[in-house]
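Read off the chains here:
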Amino acid sequence: MPIRNIAVGRPEEATRPDALKAAFAEFISTLIFVFAGEGSGMAFNKLTGNGPSTPAGLVAASLAHAFALFVAVSVGANISGGHVNPAVTFGAFVGGNITLLRGILYWIAQLLGSTAACLLLKFSTSGMTTSAFALSSGVTVWNAFVFEIVMTFGLVYTVYATAIDPKRGDLGTIAPIAIGFIVGANILAGGAFDGASMNPAVSFGPALVSWTWANHWVYWAGPLIGGGLAGLVYEFFFITHTHTHDQLPSTDY
């Protein structure tokens, strides 16, 4: 049962060299992902003079996020597991695959990486706005809440199936591609409604730098619930192994 595998971890774990190295890897991977993803949106605004969103812009955002996440997961996989997302970390935690203390360390690194990316973008674009996630016209917070739960469930379920499941075999080699693809596909599905975050860190950086917090809770609650549910469902129904709470081997997600 996943609940019985949840562990807090030891206080000294937060200062172990391997944990700090993993957190730094999460910082860099998240910075890479957010810089490319948020930057693609800013480039679109630059080219269109802050014009209205178009289908072409949605496709461009989908591709930019899919490619950037593929790279971000790949470069972090052998060091931290390449979570790049507090919802993925939370899903791994409720499934008993990471301790609470290491998870908090990852969260801090991911939020700092996103913030650093947005600050760099703001500086390098001469002060352009790092647009925070927002609801489209006619979309309620509850519509967005359900969107974020379902999309993030799909993302974290994909992470479990291709990267965490010990039975994945050769499928693990394509995990970063599958993870990038599901994010790109979900952006095509939900981007026109609420921006399709699926990642509290991706939402946090632009909101902090632009100081725009309208409905920000949706982009935390939805992904965390969706990620947690995916972790519980996959662990409960599909994984049968004895967990330990040491760092995952370098070949694992």
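Refer to the structure presented above.
Residues numbered from 1 in each chain as written. Predicted model: local features only at pLDDT ≥ 70, side-chain atom pairs only at ≥ 80, totals over all residues. Heavy atoms only, no water.

Trainee: Got a minute to help me understand helix 4 (residues 86–94) in this structure?
Mentor: Side chains that are three or four residues apart share a direction in an α-helix, a result of its 3.6 residues per turn. Counting buried positions along helix 4 yields eight of nine residues, so the element is predominantly enclosed. Listing the buried residues of helix 4 in full gives Pro86, Ala87, Val88, Thr89, Gly91, Ala92, Phe93 and Val94. After helix 4 finishes, the residue glycine 96 shows a positive phi value of roughly 80°. (Buried < 20%, exposed > 50% of the residue type's maximum accessible area, 1.4 Å probe, protein only. Helix = DSSP H or I, 4+ residues; strand = E, 2+ residues; numbered from the N terminus.)

Trainee: What am I meant to see in unusual backbone geometry here?
Mentor: Most peptide bonds take the trans form, and the phi angle of most residues other than glycine is negative. Phi at valine 84 is positive, roughly 60°, even though this residue is not glycine. Relative to the assigned elements, valine 84 resides in the loop between helix 3 (55–76) and helix 4. Classification of valine 84 by relative accessible area gives buried; the value is 0%. The phi torsion at asparagine 215 lies on the positive side, around 55°, for a residue other than glycine. Summarising the element assignment, asparagine 215 is placed in the loop between helix 8 (200–210) and helix 9 (218–238). When its relative accessible area of 31% is taken as the criterion, asparagine 215 is described as partly exposed.

Trainee: Could you clarify how one ought to interpret the side chain of glutamate 38 in this entry?
Mentor: Structurally, glutamate 38 is set in helix 2 (residues 17–48). Of the side chains with opposite charge, lysine 122 comes closest to the buried, unpaired glutamate 38, at an N-O distance of 10 Å. For glutamate 38, the residues in contact, after removing those within four places along its chain, are His65, Leu121, Thr130, Ser131 and Pro206. (Lys, Arg positive; Asp, Glu negative; His and termini not counted. Salt bridge = Lys/Arg side-chain N within 4 Å of Asp/Glu carboxyl O. Contact = heavy atoms within 4.5 Å.)

Trainee: I'm lost on a nonpolar patch on the surface in this one. Help?
Mentor: The grouping of Phe24, Ile28, Ile32, Phe70, Val71, Val75, Ile174, Ile177 and Phe181 at the surface amounts to a nonpolar patch, some 760 Å² of accessible area in total. Mapping phenylalanine 70 onto the fold places it in helix 3. Residue classification places phenylalanine 70 among the partly exposed residues on the basis of a relative accessible area of 35%. (Patch = residues over 30% accessible without salt bridge, like charges linked within 9 Å, V, L, I, M, F, W, Y side chains within 5 Å. Areas by Shrake-Rupley, 256 points an atom, 1.4 Å probe, with all protein chains shown as cover.)

Trainee: It is not clear to me how the nonpolar core should be interpreted in this structure. Could you clarify?
Mentor: Among soluble globular proteins, nonpolar side chains are generally buried collectively. By size, the foremost hydrophobic cluster in this structure holds 40 residues, and its most contacted members are Phe33, Leu69, Val159, Ile179 and Met198. Contributions of two or more residues to this core are made by helix 2, helix 3, helix 4, helix 5 (100–124), helix 6 (141–164), helix 7 (175–194), helix 8 and helix 9. It is helix 6 that provides the largest number of residues to this core, a total of 10 residues. Not counting chain neighbours up to four residues away, the residues in contact with leucine 69 comprise Phe33, Val84, Ile179, Gly180 and Val183. (Core = buried A, V, L, I, M, F, W, Y, C linked by side-chain atoms within 4.5 Å.)

Trainee: Help me understand empty space enclosed by the protein in this model?
Mentor: Which parts of space are left empty comes out when a probe the size of a water molecule is rolled across the atoms. Evaluated as defined, the whole model comprises two cavities of 30 Å³ or more. What the second largest cavity holds in volume is close to 80 Å³. The wall of the second largest cavity is formed by 15 residues, among which Leu69, Asn85, Leu155, Val183 and Asn199 lie closest to the centre. Mapped onto the lining of the second largest cavity, the elements with two or more residues apiece are helix 3 and helix 7. For the lining of the second largest cavity, the per-class residue count stands at 11 nonpolar, four polar and no charged. (1 Å grid on protein atoms, 1.4 Å probe; cavity = no way out; pocket = protein on both sides within 12 Å on 5 of 7 lines; lining within 4 Å. Points joined across faces, edges and corners; volume = space filled by probe spheres on them. Nonpolar A, V, L, I, M, F, W, Y, C, P; charged D, E, K, R; others polar.)

Trainee: Even after reading the chapter, I still don't get the pattern of salt bridges, so can you show me in this structure?
Mentor: Should the charged atoms of two oppositely charged side chains come close, the side chains can pair. For the structure on display, the rule yields three salt bridges. Two residues, aspartate 18 and arginine 16, come together in a salt bridge whose shortest N-O distance is 3.0 Å. Classification of aspartate 18 as partly exposed rests on a relative accessible area of 23%. Judged by its relative accessible area of 28%, arginine 16 falls in the partly exposed class. For lysine 167, the salt bridge identified is with aspartate 165, shortest N-O distance 3.3 Å.

Trainee: Explain the layout of surface pockets here, please?
Mentor: Approximately 940 Å³ is the volume attributed to the largest pocket. Contributing to the lining of the largest pocket are 34 residues, with Gly41, Ser53, Ala61, Gly191 and Gly195 lying nearest its centre. Counting residues per element, the ones that place at least two in the lining of the largest pocket are helix 2, helix 3 and helix 7. The dominant element in the lining of the largest pocket, judged by the number of residues it contributes, is helix 2, at nine residues. Looking at the lining of the largest pocket residue by residue, the class counts come to 17 nonpolar, 15 polar and two charged.

Trainee: Got a minute to help me understand the environment of glycine 37 in this structure?
Mentor: Mapped onto the fold, glycine 37 is located in helix 2. On the basis of relative accessible area, glycine 37 is assigned to the buried category, the value being 4%. In sequence terms glycine 37 and glycine 81 are 44 residues apart; their C-alpha atoms lie 20 Å from each other.

The values reported here are purely geometric and, on their own, carry no functional implication.
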